[in-house]
Structures are given as C-alpha cells and as structure tokens.
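The primary structure of each chain is shown beneath.
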Amino acid sequence: MYRAKRPIGVALGIALLVSLALGGSALAQGMERAKLQLTPSRGSGVSGTATLANVKGGVRVELKMKGLPEAGIKHINHFHQGGTCSKDRAGNPAPATIPLKTIVANDDGTGSAVTTLKDVTVEEIFDPDK
C-alpha cells in the first residue's frame, strides 16, 4: 500500500537544506564528493546520511536513513534551497527545489534510495548562486 508521509519527507528535505547552505564556503570549491549527516527535525526521530558524488553526466545522491516509522510506507524527500534549521523548526521551511526518489521503510526502520541528478556537479549544488 502506498502512503506518502509528508512530515518525514519534509524532515529529510530540511536536513539536506542546512548542508546545502554551505555553498558559499571554500569547502565547496572543487568539490567532487560530500557526505552529510542528517539530523531529526521537528521531533521526527529520523536521521541518516546523504552522500553526493560526481558521476558521468550528473550527481549521484544516496540517502541512508534510520528511525523511519511504519514498515512498507514510502517517504518523500527533496532538497530545499536556502533557509536554516532554526527557521524550519519554527515552521518556516525553505521551498523544495530538487525532488529525490522516495524511501520505503524496512521492518527495522531503515531505508535507502539513490537518485542521479542530471547535468549538474556537486560543486554546483552547493553554489548559492545556482
């Protein structure tokens, strides 16, 4: 049965938001790969990692999550442009701009998904002007 859980999707997306806000830093220049720690948002209990790596023709985004409720449920997730964790946790999330593949929760609360974003690089994703 398919039921998308928007609150978890928002939590995953928001977790990615803060990491992408690093775009203006020197760390983003020449970046080929980035591994981000995703922390729970709004009491979701969901955490994990997002690994972004340049591949031929784009960027491979691999999400590995834990703490997902209810096995078999699909959870939406995405990147947000701009914003901060404190604004999100106050109920003011930044707009979702890049959709990622859904994650299906396993019996143990884990889940993963891989999305390849076409015609972009890791450096461009972290660039605040793009």
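Reference entry: report on the structure contained in this document.

Cut-off values and rules
Residues numbered from 1 in each chain as written. Predicted model: local features only at pLDDT ≥ 70, side-chain atom pairs only at ≥ 80, totals over all residues. Heavy atoms only, no water. Helix = DSSP H or I, 4+ residues; strand = E, 2+ residues; numbered from the N terminus. Buried < 20%, exposed > 50% of the residue type's maximum accessible area, 1.4 Å probe, protein only. Salt bridge = Lys/Arg side-chain N within 4 Å of Asp/Glu carboxyl O. Contact = heavy atoms within 4.5 Å. Pairing = 2+ DSSP bridges. Axes fitted to C-alpha atoms, helices over the stretch in contact; angles between N-to-C directions. Core = buried A, V, L, I, M, F, W, Y, C linked by side-chain atoms within 4.5 Å.

Remarks on the side chain of T49
Here is step 1: Examined against the element boundaries, T49 turns out to sit in strand β2 (residues 47-55).
Here is step 2: For T49, a relative accessible area of 15% translates into the label buried.

Examining the pattern of salt bridges
Here is step 1: Tallied over the full model, the rule gives 2 salt bridges.
Here is step 2: Among the ionic pairs, K64 bridges to E62, the shortest N-O distance being 3.7 Å.
Here is step 3: For K64, a relative accessible area of 48% corresponds to the partly exposed category.
Here is step 4: Through salt bridges with shared partners, one network takes in R60, E62 and K64.

Focus on unusual backbone geometry
Here is step 1: Although it is not a glycine, E70 sits at a positive phi angle of roughly 60°.
Here is step 2: Among the secondary structure elements, E70 is positioned in the loop between β3 (58-66) and β4 (74-80).
Here is step 3: Judged by its relative accessible area of 43%, E70 is partly exposed.
Here is step 4: Backbone geometry at D119 places phi at a positive 55°, although glycine is not the residue there.
Here is step 5: Judged by its relative accessible area of 72%, D119 is exposed.

Some words on the environment of V122
Here is step 1: Secondary-structure assignment places V122 in helix α3 (residues 122-125).
Here is step 2: Sequence-wise, V122 and L52 are 70 residues apart; in three dimensions their C-alpha atoms are separated by 6.7 Å.
Here is step 3: Excluding its chain neighbours within four sequence positions, the residues that come into contact with V122 are M31, E32, R33, A34, L52, A53, N54 and V59.

Brief notes about the side chain of S47
Here is step 1: With respect to the helices and strands, the residue S47 is situated in strand β2.
Here is step 2: S47 sits in the buried class, given a relative accessible area of 14%.
Here is step 3: If we skip the residues at most four places from it in the chain, S47 touches L38, T39, P40, K64, M65 and K66.

Thoughts on the sheet that holds strand β6 (residues 111-118)
Here is step 1: Across the sheet, 4 strands lie side by side as β1-β2-β3-β6; this open sheet has antiparallel pairing. On the outer flanks of this sheet lie β1 (33-38) and β6, each paired with one strand and no other. Ignoring strand direction, the axes of neighbouring strands in this sheet form an average angle of 15°.
Here is step 2: Relative to β3, β2 runs antiparallel, the two being bridged by 9 bridges. Looking across to β3, one finds that A53 is bridged to R60.

A word on the nonpolar core
Here is step 1: L52, V61, L63 and F126 are the most contacted members of the largest nonpolar core, which has 22 residues in total.
Here is step 2: For this core, the secondary-structure elements that each account for two or more residues are β1, β2, β3, β5 (96-104), β6 and α3.
Here is step 3: Broken down by element, this core gets its largest block of residues, 4 residues, from β3.

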